[in-house]
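# Breakdown of the fold
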Amino acid sequence: MNRDERRLITLFALLLGALLALTGVVLRGWVARTLAAEEKVNLAFLDLSLRDRSRYLADSLSEHIETKDGWPENLADLLTRNHADYNRDIFMQVFALDGSLVAQSANTPPDLKLSAAATAEQGWMARDVHGSGGRPMRLVVFPIYTGLGTEAGIKFHGYAQTGLPLPDAARALTTFTWVMVASLAGFGVLFIAVLRTAVFAAAQRLRRESEAVQAAQHRFIADAAHELGTPLAVLRGEMDLALRRERSADDYRAALTSCREEIERLSRLSENLLALASADAGQPLIHRAPCDAAAIARTVHHRFLRMAEDKGVTFSIGSPVALPFSADAIAIEQALGNLVGNALRHTPNGESVTLTASAEDDAILFKITDTGEGIPPAHLPRLFERFHRVDKSRSRAGGGAGLGLAIVKTLAEAHGGTITAESELGKGSTFTLTLPNAGEMSS
């Protein structure tokens, strides 16, 4: 992993960490506020319930003291049965005036004493305390008294204390915080691991693609230099041979003719390279206009008919009278010319080449079929690559530089069409140029 990849992952890790931290803070605050709000509501209802229980207990004991003049002998059992019948979580205690424990229910937490504020207040009150284990509890104390409304007056005998363990909101919030931190941290680590894997895979893919592009570029430059160098070498050789001694007019004419052929070869090669470079640069290659596919096919047929006759190849055409559509007629003629010229070069004497134009669904189809030597199956996938030649030893004799089919593919794609090839070795080939039938389009 290089420095840029590490910096990218570090940046994403910092951004993700900040985002997760912010998410954790917001989520923890929301949970804390929710717990606090629910606690307030629950305490209001809890105080009412505990006050009713403590008041009922105080009133019951007050009646017993007035009639029996003392605490019930089985007070602990009464408290236990009372809490079991009502709510097993609520515990009950009875204290004397001096704060000493008289009795308590069986479920009372250990070492729980009378609320200190109860001795200062002679009315009911609610307090939050913590038990010996640190668990929070809510306590409600109600005084036990007799003589209300009598001449002797009110006499206090002790206190009835009821309570209920509370959910430990602070501990729950702490537990939630640690779980949330662990979860967010795990998610962050997993995300960074996945991101690192993705970045590494993308970097490897880009590196391979870059190497492939560089290799293709080097191969293109090497092939282009070779194709340009060969005609120049021939030109120099012909000129040197002509200038070595005095020659006849026919010899000079033959040398000049050979030089002209090489110059034409250089001109075609430079035009093809320029067209491919324009396509690579994203420059428009075509200019659409209404045209006739049938007329284009007839023009190409007429242009290559003499070449076919000189080779002894039967060159026929099949098309309707007119096939109107919208395209760049010059570009289509060039593409068809490359295909037909290629077919004629690889079709021996006595065989045939056929050019057809037809409409099928929403497309215009040009087909060039020959009964020539065919193409080996191994070459079909790379047939439209630049400078690819099936038989390099025959390329110069045939006049090709391996750019003709690449130009055809570029022009077809510029029209939004396709070019395909089918071939059987020893029986011939069929090239199909398919173009969208945009008959109503204008340039």
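Structure: see above.
These remarks concern the structure in this document. (Residues numbered from 1 in each chain as written. Predicted model: local features only at pLDDT ≥ 70, side-chain atom pairs only at ≥ 80, totals over all residues. Heavy atoms only, no water.)

## What to know about the nonpolar core
In a soluble, globular protein the nonpolar side chains are often hidden away together inside. Selection criterion: Think of a nonpolar core as a cluster: buried Ala, Val, Leu, Ile, Met, Phe, Trp, Tyr and Cys residues, connected wherever their side-chain atoms sit within 4.5 Å. Note on exposure labels: buried denotes an accessible area under 20% of the residue type's maximum, exposed denotes more than 50%, and partly exposed covers the range between, all computed with a 1.4 Å probe on protein chains only. A run of H or I in DSSP counts as a helix once it spans at least four residues, and a run of E counts as a strand once it spans at least two, with each numbered from the N terminus. Contact criterion: two residues are considered in contact whenever any of their non-hydrogen atoms come within 4.5 Å of each other.
Counting residues in each nonpolar core, the largest one holds 40 residues, and the members touching the most others are Phe-325, Leu-336, Phe-366, Ile-368, Phe-431 and Leu-433. Sorting the residues of this core by element identifies helix 5 (293-311), strand 8 (324-327), helix 6 (329-345), strand 9 (352-360), strand 10 (363-370), helix 8 (404-414) and strand 12 (428-436) as the ones contributing at least two each. Top element by residues in this core is helix 6. It accounts for eight residues. Apart from the residues within four sequence positions on either side, Phe-366 is in contact with Ala-293, Ala-297, Ile-332, Leu-336, Thr-356, Ala-357, Phe-431, Thr-432, Leu-433 and Leu-435.

## Some details on the pairing of strand 9
Defined as follows: The pairing criterion for strands is at least two bridges between them, as found by DSSP.
The pairing of strand 7 (residues 314-318) with strand 9 spans five bridges and is classified as parallel. For Ile-317, the partnering residue across the bridge sits in strand 9 and is Leu-355. Counted between consecutive antiparallel strands, the loop separating strand 9 from strand 10 contains two residues, among which Asp-361 sits at a positive phi close to 55 degrees.

## Thoughts on the environment of Leu-27
Relative to the helices and strands, Leu-27 resides in helix 1 (residues 3-68). Residue classification places Leu-27 among the partly exposed residues on the basis of a relative accessible area of 35%. The spacing of Leu-27 and Met-180 is 153 residues in sequence and 8.9 Å in space, taken between C-alpha atoms. What Leu-27 contacts, discounting residues up to four positions off in sequence, is Phe-176 and Met-180.

## So, unusual backbone geometry
Residue Asp-111 is not a glycine yet carries a positive backbone phi of 60 degrees. Among the structural elements, Asp-111 can be located in the loop between strand 2 (101-104) and strand 3 (125-130). Within the chain, Asp-361 stands out as a residue other than glycine whose phi angle is a positive 55 degrees. Its place among the elements puts Asp-361 in the loop between strand 9 and strand 10. In this structure Asp-361 comes out as exposed when scored by relative accessible area, which is 74%.

## Quick look at the packing of helix 6 against helix 8
We apply this condition: To get an axis, fit a line to the C-alpha atoms, keeping to the stretch in contact for a helix; angles then go from 0 to 180 degrees between the N-to-C directions. Helix crossings get a hand from a simple test, with the near helix turned counterclockwise from the far one by less than a right angle marking a left-handed crossing and a clockwise turn marking a right-handed one. All amino acids are sorted into three groups, where Ala, Val, Leu, Ile, Met, Phe, Trp, Tyr, Cys and Pro are nonpolar, Asp, Glu, Lys and Arg are charged, and the leftover types, Gly among them, are polar.
Contact geometry for helix 6 and helix 8: axes closest at 9 Å, N-to-C directions at 145 degrees. Helix 6 and helix 8 meet at a crossing whose hand is left-handed. Taken together, the residues of helix 8 that come into contact with helix 6 (itself represented by Ala-331, Gln-334, Ala-335, Asn-338 and Leu-339) are Gly-404, Leu-405, Ile-407, Val-408 and Leu-411. Here the residues of the contact of helix 6 with helix 8 are counted per class, giving seven nonpolar, three polar and no charged.

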